[in-house]
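# Observations on chain architecture
Letter by letter, the chains look like this.
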Amino acid sequence: MENAKKRIFSGVQPSGDLTLGNYIGAISNWTKLQDDYECLYCIVDQHAITVRQDPADLRRRTLELLMQYLACGIDPEKSCVFIQSHVSAHAELAWILNCNTQMGELSRMTQFKDKSKSHADNINAGLFTYPVLMASDILLYQTDLVPVGHDQLQHIELARDIATRFNHYYSDTFKIPEPYIPKVGQRIMSLQTPENKMSKSDPNPNGCIKLLDDTDTIIRKFKRAVTDSGSEIVASPDKPGITNLLSIYSAVTNQTVEEAEKEFAGKGYGDFKLAVGEAVASALDPVHKEFERLKADKAYVESVYKKGAELAGYLASKTLRKVYKKVGFIAK
Ligand code: ATP
Ligand code: LTN
């Protein structure tokens, strides 16, 4: 896997069921990068425990997330798929980077501010240093590009600052990563409150399509989707509901929003919502089938994450060794 291709690293936390937003905004884009880049796709279970997790649920969700990566088309023959806690270098580098990150930088992170509001009873030190672990994930692999949604840009910026400072102080060690924001599906919004992002933690279950929702549930949720005043099916700032449905439809049918608008010119909202629901259900149908197949093949799933951890561990150890030497640790 070591060649001239640029390297990509990304990850999702196993903190809830994947949504259509995660699928359109993240995972389906990852699958398209596999031929042109050397990709590492991680399940960041160590990040997930910054908020309380039930251990049995975390175990189940970690494996289910891995199976969802594969079911969506991440191919372990092309990409390195692994579980963060299987590569101890992530936590080891995080300690060193913690000692090279300022409290002031971390207290500016909006995700920390938001999460400390929503988890006021558990504002732990891990929640605060979360972005340092994320910087370690990225920097360990000398990553060129990090595909993420907008909400993660501030963390990538911090990873760049930490790397630049480290390189300056200890001499060149880390590649400076760039964010990679895909053009399509940057922000899929809630079906019930289209002003808000579709999110795993939406308290209204009708606002959010889960990747594993069955066909009837998907269609029912789209039928109930909030629309806007007027009757035209066009994308515009005063029509957040219709605009969101158009971007979902165009993403799952691989066309532009303009093409979708043309297809529905003159049609009513009811027909349109049903068509979007059907298009999403049929796009997710092969994902569901593959997920069920993988669930019945535990040995294969295990072989994927074991092989992934081996390769990731090898790549990570090269960077960590360099870092240990630079900061002044004695070689074993
Ligand atoms: P939470 O609800 O717990 O904040 P989330 O659903 O926002 O979680 P994350 O695990 O934070 O999901 O994100 C995983 C990836 O999916 C990130 O790259 C993120 O930018 C992307 N993503 C999440 N929600 C959306 C969305 N609604 N539209 C587009 N991309 C999204
Ligand atoms: N913070 C990210 C998940 C994440 C990640 C990473 C993404 C952890 N480490 C490294 C890209 C690269 C999130 O909440 N979406």
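Residues numbered from 1 in each chain as written. Chains lettered and ligands numbered in written order. Predicted model: local features only at pLDDT ≥ 70, side-chain atom pairs only at ≥ 80, totals over all residues. Heavy atoms only, no water.

## Section: the site of ligand 2
Surveying the vicinity of ligand 2 reveals 13 residues, the closest of which are Gln 13, Tyr 130, Met 134, Asp 137 and Gln 152. Between ligand 2 and Gln 13 there is a distance of 3.3 Å, counted from an oxygen atom to a side-chain nitrogen or oxygen. Gln 152 places a polar side-chain atom, nitrogen or oxygen, 3.0 Å from a nitrogen atom of ligand 2. Of the pockets mapped on this structure, ligand 2 occupies the largest pocket. When contributions to the shell around ligand 2 are tallied by element, the ones reaching two or more residues are strand 1 (7-12) and helix 7 (125-140). No other element matches helix 7, which puts four residues into the shell around ligand 2. The class makeup of the residues in the shell around ligand 2 is seven nonpolar, five polar and one charged. (Near = heavy atom within 4 Å. Polar contact = N/O pair within 3.5 Å; in protein donor to acceptor, adjacent residues only side chain to side chain. 1 Å grid on protein atoms, 1.4 Å probe; cavity = no way out; pocket = protein on both sides within 12 Å on 5 of 7 lines; lining within 4 Å. Sits in = over half its atoms within 2 Å of the grid points. Helix = DSSP H or I, 4+ residues; strand = E, 2+ residues; numbered from the N terminus. Nonpolar A, V, L, I, M, F, W, Y, C, P; charged D, E, K, R; others polar.)

## Looking at the environment of Ile 138
Structurally, Ile 138 can be placed in helix 7. Once the C-alpha coordinates of Ile 138 and Glu 105 are considered, the two residues, 33 residues apart in sequence, prove to be 18 Å apart. In this view, Ile 138 contacts Phe 9, Thr 143, Val 146, Ile 156, Ala 159 and Pro 177; residues no more than four positions away in its chain are not counted. (Contact = heavy atoms within 4.5 Å.)

## Quick notes on the site of ligand 1
Around ligand 1, the structure places 17 residues, and the nearest of them are Ile 188, Lys 197, Ser 199, Lys 200 and Ser 201. Assessed atom by atom at 2 Å from the grid points, ligand 1 resides in the largest pocket. Residue contributions to the shell around ligand 1 peak at four residues, all from helix 1 (residues 20-33). Along the lines of polarity and charge, the residues of the shell around ligand 1 split into five nonpolar, eight polar and four charged.

## Remarks on the packing of aromatic side chains
Using the criterion set out here, one finds 13 aromatic pairs in the structure. Ring plane angle 35 degrees and centroid distance 4.5 Å describe the contact between Phe 166 and Tyr 170, whose orientation is recorded as tilted. Residue Phe 166 and its partner Tyr 170 are located together in helix 8 (residues 153-170), separated by four residues, close to a single helical turn. In this structure Phe 166 comes out as buried when scored by relative accessible area, which is 1%. Since its relative accessible area comes to 22%, Tyr 170 is described here as partly exposed. On the numbers, 4.9 Å between centres and 80 degrees between planes, the contact of Tyr 169 with Tyr 170 is edge-to-face. Chaining the aromatic ring pairs together yields one cluster made of Phe 166, Tyr 169, Tyr 170 and Phe 174. (Phe/Tyr/Trp six-rings, centres within 6.5 Å; stacked < 30°, edge-to-face > 60°. Buried < 20%, exposed > 50% of the residue type's maximum accessible area, 1.4 Å probe, protein only.)

Geometric values such as these leave the question of function open.
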